[in-house]
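Summary of the model geometry
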There are 2 protein chains.
Amino acid sequence: VVSDVVSDVNPSTTPGELATLCELSIEAERELVSIGREGRSRMLFSMADALEHRRTDLVEISAAETALTPQRLDGELTRTAYQLRQFAEVVDEGSYLEATIDHASSTPMGPRPDLRRILRPLGPVAVFGASNFPFAFSVPGGDSASALAAGCPVLAKVHEAHPATSIMAREALMEGARTAGVRSEVVSLVFGQDAGVALVEHPSIQAVGFTGSPGVGRLLHERASQRPTPIPFYGELGALNAVVVCEHAAKSRGRDIGRDLVGSFTLGVGQFCTKPGLVLLPSRTAGDEVIATMRDAVHSAAAGAMLSARTAQNFALRSTDLRDHEGVQVLAEGMPPTSSDGWWARPLLLHATPEVLEGIVTEECFGPVLVVVNYDSPRQLLESLDRLGAALTATVHADPPDEVLGRMLLDQLTGKVGRIVWNGYPTGVAVTWAMHHGGPYPASIGSIHTSVGQTAIRRWMRPISYQDVPSALLPAELHDTPRRKDMIVRRVDGILIAPTQG
Amino acid sequence: VVSDVVSDVNPSTTPGELATLCELSIEAERELVSIGREGRSRMLFSMADALEHRRTDLVEISAAETALTPQRLDGELTRTAYQLRQFAEVVDEGSYLEATIDHASSTPMGPRPDLRRILRPLGPVAVFGASNFPFAFSVPGGDSASALAAGCPVLAKVHEAHPATSIMAREALMEGARTAGVRSEVVSLVFGQDAGVALVEHPSIQAVGFTGSPGVGRLLHERASQRPTPIPFYGELGALNAVVVCEHAAKSRGRDIGRDLVGSFTLGVGQFCTKPGLVLLPSRTAGDEVIATMRDAVHSAAAGAMLSARTAQNFALRSTDLRDHEGVQVLAEGMPPTSSDGWWARPLLLHATPEVLEGIVTEECFGPVLVVVNYDSPRQLLESLDRLGAALTATVHADPPDEVLGRMLLDQLTGKVGRIVWNGYPTGVAVTWAMHHGGPYPASIGSIHTSVGQTAIRRWMRPISYQDVPSALLPAELHDTPRRKDMIVRRVDGILIAPTQG
């Protein structure tokens, strides 16, 4: 209902409006550069405060708009504010600039001029948020936080699943910016699918961050590549996220694994890009116990409301195709919905034979479904894994006696995924330096960069070198003797040096 | 002549042969990973030695094949060996791995698992070398050196301008690899244009490094993006590389600037991607003196042999279009060639009015041509610069009294180029940490990375995170207490830490 109201109020952005927004973002780029690291850090902290200040309203409107619970949305808002503050700290710390000084010297190749390198913002960027995270991966989310930290204004394509939330979140970000003294349009909103495509193709846009389906991601990536001026496209598309349970782990803690795996694949009604979609279990007793536990857990698992009518329809179609697939049978289904209206999905546990590991059986199905596949031997296990595509994550449950197999699994999985989880579950993506959220295609496009964690800032910057440029004209961080506040980690004459402490 | 012989001996690589080469490169990937940093460093040093060991033969065959002088080729070989050794040192130093450890802890977002991140090689990569650098930007060049350092086998598309050189250079690299104990096909050659396209589209290839023309670069980039599995494409395409001479600099050292600028645009018969293609000079006396000096220098400049018949034909066509262009007139032309055969080009100095700064007048013309444009005021200068596209470099000649204008120029150029040269000339690209060789399109595709300098290694790697993975299974560099040889710069719990010295 809210969504209908909003789409009346906010029709698609027209080409003329888009042109104006892009012009304003060029002004914003100038301001974001001119306020420097100190100013951008202050702005990000202030944006986080402003989001939390409007927490009640934001949670209320997003709960009305999305079918996500207020509790979940409240936690997501906390995470979103946390991300903004983290990127403020990244800006303060400064190593992300990769500041490098090579003094003039003689080399085996002859005399070398003075060269100084630093990263600078690309310019205005487009951000396409996801339906499943109206805050953390949408208008105020990680792509926006990292881009603003880099100094890039954000033009966010509003997801049709949460327009009112997007408008209010953008207002909060702009309030935060103004409180920090920033006057320009550092975050703008674009409405409508056609306007989204036009945004990717607009000459002012210098990069695209996208979280969503492979179909839309591929389309926008091609548009970004075919522009007169091609630009980087970073797409986080999702994955199957296989889980392997080794023999001894299954024997020693099969019940725990079964229970927690059901918790993981049904969490958030299975609508996380890190949802485990397939589990490989040993045949015979050890695996059977995991299956029995999972069946029990699924039987008593409640149906959940999905993000939108379309998401629920897609899940119904995809899961029906899966259960009707040759070699696939239903092991268990969750409780029916308590009401007939709404966007319901019942948890679904399927079994597939190793022979049918191809096509839709190995593709992500967005929603609460998990496919069980048995293996008779380590060899068959590795062969089955070979038939799976790349993914954001892979998970291994292994006990100490499983070590030999564990090592083989690690070797094989390392080539295919962005994160390997040991004796855990892939849902839950910590926002930290050592996180990598990405993987070879189809997990991501632009897979050499992450969309979560501090290093995500690198996506929005390009290097520039200054050759023999006078000190007075250089960025402060490249001076030979910077002032205290401009002291950051730098590489000087080849050696990485931390700033003097104290 | 050599080229004809070779193309008889080496017909295009067939699809079947390409499939075999790709299979062998998968084996090579395994070996490059298994020998570790120590093994790869040893291999790169040994490759550099092997190239130098065959210096006489390599210089001879490339001189016969390319019309470059033995002296120039000898220097280029030295640079190529230097690059290989530099990347060996990058591997030894280890900070390129971006090793990161976040110990398990409680955070404002709840408990966080142990997470450890490191970069790993993408897998086999395709390298397309350039006609103008048969060593330094071809089979044994910077793309290959950085990819091998990362642990990626190289499939090099042989440039038709120097096939025999490519074959011998690859033999030297393989000799070096074998001396270091490496047995697999870490560098393979692919012949023919169709095979080159097939290489970019082959599922085993994980990234492409390209140096060459915008036309071919765009085509291959689209192929790389439209694959079922899109891969990163890094293209270094060339640029106009404008030079600005400020009023006071022109007055105080106009003759020097004029002389050196002619030296820079005619160096290597104007066939460097950093060749200055356009100079903006003050109107009136100050600029006139620069022009007079340049005219004299060009009049007495010798014609030079270009890289190939095709290059010479292209230059003849492009430079004729330029001199016939509305608003363009010839200021000076170099000496006619001393012989009628050969791929000759005469240095050419043109003048254009600011009004015609668009289309071909603002595009790179590969060869010894420089366009002079005058400006009446700082305002007209900045407007003229506005009409130029992005570039690899921009150069400013400014004396202390030019400081106000210099600062405006720096601000404007920063947004458009990869390197700003002060009181110097853009030709000459130092191979060092602070070098950036790249720029916004059309200078490069994939402009957030460089193709020269140590940081070029980042193009061939993607991150992986390990969550709660047992220490025994982790890469050595991610152990809590690594052995001496595995101690590298790491980020631990958010803090960048250099290894303990001594």
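Worth saying up front: this structure is predicted, and the values here are computed from it rather than measured.

Attention now goes to the sheet that holds strand S7 (residues 187-190) of chain A. Sheet strands associate in pairs through backbone hydrogen bonding, adopting either a parallel or an antiparallel arrangement. All names here are of chain A. Strand order in the open sheet made by the 6 strands is S7-S6-S5-S8-S9-S19, with mixed pairing throughout. In this open sheet, the two strands that pair with only one neighbour each are S7 and strand S19 (444-445). Where strand S9 (residues 233-236) meets S19, 2 bridges bridge the pair, whose relative direction is antiparallel. Of the residues in S19, the one forming a bridge with Glu-236 is Ser-444.

Okay, the packing of aromatic side chains next. Under the counting rule described, the total for this entry stands at 10 aromatic pairs over all chains. Three or more aromatic residues link up through ring pairs in this structure, and these residues are Phe-128, Phe-210 and Phe-233 of chain A.

Attention shifts here to the sheet that holds strand S9 (residues 233-236) of chain B. All names here are of chain B. One open sheet holds the 6 strands; their spatial order is S7-S6-S5-S8-S9-S19, and the pairing between them is mixed. Two strands lie at the open edges of the sheet, namely strand S7 (187-190) and strand S19 (444-445), each paired on one side alone. Looking at chain direction, strand S8 (residues 208-211) and S9 are connected through 4 bridges and run parallel. Paired with Thr-211 across the strands is Glu-236, a residue of S9. Of the strands in this sheet, strand S5 (125-128), S8, S9 and S19 are in contact with helix H9 (residues 214-226), which crosses S9 at around 175°.

Another aspect to go through is unusual backbone geometry. A cis amide bond links Tyr-441 of chain A with the next residue in sequence, Pro-442 of chain A, at an omega value of 10°. Following the sequence through the fold, Pro-442 of chain A ends up in the loop between strand S18 (417-422) and S19. If you check the backbone angles, Ala-67 of chain A has positive phi at about 75° while not being a glycine. The residue Ala-67 of chain A is located in the loop between helix H4 (55-66) and helix H5 (70-93) in this model. Overall, Ala-67 of chain A belongs to the partly exposed group, its relative accessible area being 34%. A positive phi is found at Arg-284 of chain B, a non-glycine position, where the angle reads about 70°. Checked against the element boundaries, Arg-284 of chain B lands in helix H11 (residues 284-299).

In this section: the packing of helix H3 (residues 36-53) of chain B against helix H5 (residues 70-93) of chain B. All names here are of chain B. Relative to each other, H3 and H5 sit at 170°, their axes nearing to 8 Å. Classified by the angle their axes make, H3 and H5 are roughly antiparallel. Packed against H3, whose contacting residues are Arg-37, Ser-41, Leu-44, Phe-45, Met-47, Ala-48, Asp-49, Leu-51 and Glu-52, the element H5 presents Leu-77, Thr-80, Ala-81, Leu-84, Arg-85, Phe-87, Ala-88, Glu-89, Val-91, Asp-92 and Glu-93 at the interface.

Before going further, it helps to examine the packing of helix H10 (residues 247-266) of chain A against helix H11 (residues 284-299) of chain A. Residues and elements named next belong to chain A. At a closest axis distance of 8 Å, the pairing of H10 and H11 adopts a crossing angle of 20°. One finds that H10 runs roughly parallel with respect to H11. Note on packing geometry: the crossing formed by H10 with H11 is right-handed. For the pair H10 and H11, the contacting residues are Glu-247, Ala-250, Lys-251, Gly-254, Arg-255, Gly-258, Arg-259, Leu-261, Val-262 and Phe-265 in the first and Arg-284, Ala-286, Glu-289, Val-290, Thr-293, Met-294, Ala-297 and Val-298 in the second.

Attention now moves to the pairing of strand S4 (residues 115-121) of chain B. Regular strands place side chains that alternate from one sheet face to the opposite one. Residue and element names in this part refer to chain B. Summarising burial for S4: 7 of the 7 residues are buried, a large majority. For strand S1 (residues 100-102) and S4, the ladder comprises 3 bridges, and the chain directions are antiparallel. Within S4, the residue paired with Thr-100 across the bridge is Arg-117. Relative to strand S20 (residues 461-467), S4 is paired through 7 bridges, and the arrangement is antiparallel. Bridge pairing in S20 places Leu-115 opposite Gln-467.

All names here are of chain A. Under the defined criterion, the tally for this structure stands at 64 salt bridges over all chains. Close ionic contact of Glu-98 with Arg-117 constitutes a salt bridge, the shortest N to O distance being 3.1 Å. With Glu-98 in the loop between H5 and strand S1 (100-102) and Arg-117 in strand S4 (residues 115-121), this pair connects stretches of sequence that are 19 residues apart. Taking the relative accessible area as the measure of exposure, Glu-98 reaches 27% and is therefore partly exposed.

In this section: the interface of chain B and chain A. Contacts between the two partners involve 70 residues from chain B, matched on the other side by 70 residues from chain A. Linking chain B with chain A are 2 salt bridges. Taking the shortest distance from any N to any O, the salt bridge between Glu-93 of chain B and Arg-491 of chain A comes out at 3.2 Å. Joining chain B to chain A, the criterion identifies 46 residue pairs in polar contact (both at pLDDT 80 or more). Elements with a minimum of two residues in the side of chain B that touches chain A: H5, S1, S4, H9, helix H14 (403-414), strand S18 (417-422) and S20 of chain B. If one sorts the elements of the side of chain B that touches chain A by residue count, S20 of chain B sits on top with 7 residues. Class assignment of the residues belonging to the side of chain B that touches chain A gives a composition of 32 nonpolar, 20 polar and 18 charged. In this structure, strand S20 (residues 461-467) of chain A lies alongside S18 of chain B, joined through 3 bridges in parallel fashion. Considered in S18 of chain B, the bridge of Tyr-466 of chain A is made with Ile-420 of chain B.

In this section: the state of the cysteines. What is meant by a disulfide is a covalent connection between two cysteines, made through their sulfur atoms. All names here are of chain B. Per the stated rule, a full pass over the model turns up 0 disulfides over all chains. Cys-22 takes part in no disulfide bond, and the closest cysteine sulfur, belonging to Cys-152, lies 14 Å away. Since its relative accessible area comes to 0%, Cys-22 is described here as buried.

Turning to the side chain of Ser-41 of chain B, a few remarks are in order. Residues and elements named next belong to chain B. As for its position among the elements, Ser-41 is in helix H3. Residue classification places Ser-41 among the buried residues on the basis of a relative accessible area of 4%. Sequence-distant contacts of Ser-41, defined by excluding residues within four places in its chain, comprise Ala-88, Val-91 and Asp-92.

Now for the relation of the copies chain B and chain A. With an axial shift of 0.0 Å and an RMSD of 0.0 Å, the rotation relating chain B to chain A amounts to 180°. Taken together, the rotation and translation relating the two chain copies correspond to the operation of a two-fold axis. In terms of proximity to the rotation axis, the leading residue of chain B is Ser-225 of chain B, whose C-alpha is 3.5 Å off the axis. Interface overlap between copies is the fraction of interface residues in one copy that are interface residues in the other; for chain B against chain A it reaches 100%, indicating a shared surface.

Caution applies to low-pLDDT regions: their predicted coordinates should not be interpreted in detail. All names here are of chain A. Residue-level pLDDT values for chain A average 95, and 97% of them are 70 or greater. Every residue in residues 1-8 is under pLDDT 50, and counting partners more than four places away or in other chains gives 9 contacts. Across the interfaces of the predicted complex, the ipTM metric reaches 0.96, alongside a pTM of 0.96.

Before going further, it helps to examine the environment of Asp-486 of chain B. When you line up the elements, Asp-486 of chain B lands in the loop between S20 and strand S21 (490-492). With sequence-adjacent residues up to four places away left out, Asp-486 of chain B is seen in contact with Arg-37, Ala-476 and Glu-477 of chain B.

Attention now moves to the pairing of strand S15 (residues 348-352) of chain A. Residues and elements named next belong to chain A. Where burial is concerned, most of S15 is hidden: 5 out of the 5 residues are buried. Across the two faces of S15 the burial is the same, with Leu-348, Leu-350 and Ala-352 and Leu-349 and His-351 all buried. Of the strand pairs in this sheet, strand S13 (residues 328-333) and S15 are connected by 5 bridges, and their pairing is antiparallel. Opposite Glu-333, over in S15, you have Leu-348 as the bridge partner.

What follows concerns the environment of Ala-48 of chain A. All names here are of chain A. As for its position among the elements, Ala-48 is in helix H3 (residues 36-53). In this structure, the C-alpha to C-alpha distance between Ala-48 and Ala-172, residues 124 residues apart in sequence, is 8.7 Å. For Ala-48, the residues in contact, after removing those within four places along its chain, are Ala-81, Leu-84 and Arg-85.

On to the side chain of Arg-117 of chain B, then. Residue classification places Arg-117 of chain B among the buried residues on the basis of a relative accessible area of 2%. Within the structure, Arg-117 of chain B has its side chain in polar contact with the side chain of Glu-98 of chain B (distance 3.1 Å). Setting aside chain neighbours within four positions, we find Arg-117 of chain B in contact with Trp-433, Ala-434, Met-435 and Thr-455 of chain A together with Glu-98, Ala-99, Thr-100, Arg-458, Pro-463, Ile-464, Ser-465 and Leu-478 of chain B.

Here we come to the environment of Arg-490 of chain A. Residue and element names in this part refer to chain A. You can see Arg-490 is positioned in strand S21 (residues 490-492). Through-space distance from the C-alpha of Arg-490 to that of Glu-27 is 30 Å; in sequence the pair is 463 residues apart. Setting aside chain neighbours within four positions, we find Arg-490 in contact with Ala-99, Ile-101, Glu-477, Leu-478, His-479, Asp-480, Pro-482, Ile-495, Leu-496 and Ile-497. Side-chain polar atoms of Arg-490 contact the backbone oxygen of Glu-477, separated by 2.8 Å.

All names here are of chain B. Taking 1.5 Å as the rise per residue, H3 with 18 residues should run 26 Å; its terminal C-alpha atoms sit 26 Å apart, in good agreement. Among the residues of H3, Arg-37, Gly-39, Arg-40, Ser-41, Met-43, Leu-44, Ser-46, Met-47, Ala-48, Ala-50 and Leu-51 are the ones counted as buried. The inward-facing, buried residues of H3 contact helix H2 (15-34), helix H4 (55-66), H5, helix H6 (142-150), helix H7 (163-179) and S7.

Each value, and the rule that gives it
- Residues numbered from 1 in each chain as written.
- Chains lettered and ligands numbered in written order.
- Predicted model: local features only at pLDDT ≥ 70, side-chain atom pairs only at ≥ 80, totals over all residues.
- Heavy atoms only, no water.
- Pairing = 2+ DSSP bridges.
- Helix = DSSP H or I, 4+ residues; strand = E, 2+ residues; numbered from the N terminus.
- Phe/Tyr/Trp six-rings, centres within 6.5 Å; stacked < 30°, edge-to-face > 60°.
- Contact = heavy atoms within 4.5 Å.
- Axes fitted to C-alpha atoms, helices over the stretch in contact; angles between N-to-C directions.
- Buried < 20%, exposed > 50% of the residue type's maximum accessible area, 1.4 Å probe, protein only.
- Parallel < 35°, antiparallel > 145°, perpendicular 65-115°, else oblique.
- Left-handed = near helix turned anticlockwise from the far one by under 90°.
- Salt bridge = Lys/Arg side-chain N within 4 Å of Asp/Glu carboxyl O.
- Polar contact = N/O pair within 3.5 Å; in protein donor to acceptor, adjacent residues only side chain to side chain.
- Nonpolar A, V, L, I, M, F, W, Y, C, P; charged D, E, K, R; others polar.
- Disulfide = S-S within 2.5 Å.
- Least-squares fit on C-alpha atoms with pLDDT ≥ 70 in both.
- pLDDT = per-residue confidence, 0-100.
- Expected span 1.5 Å × (residues − 1).

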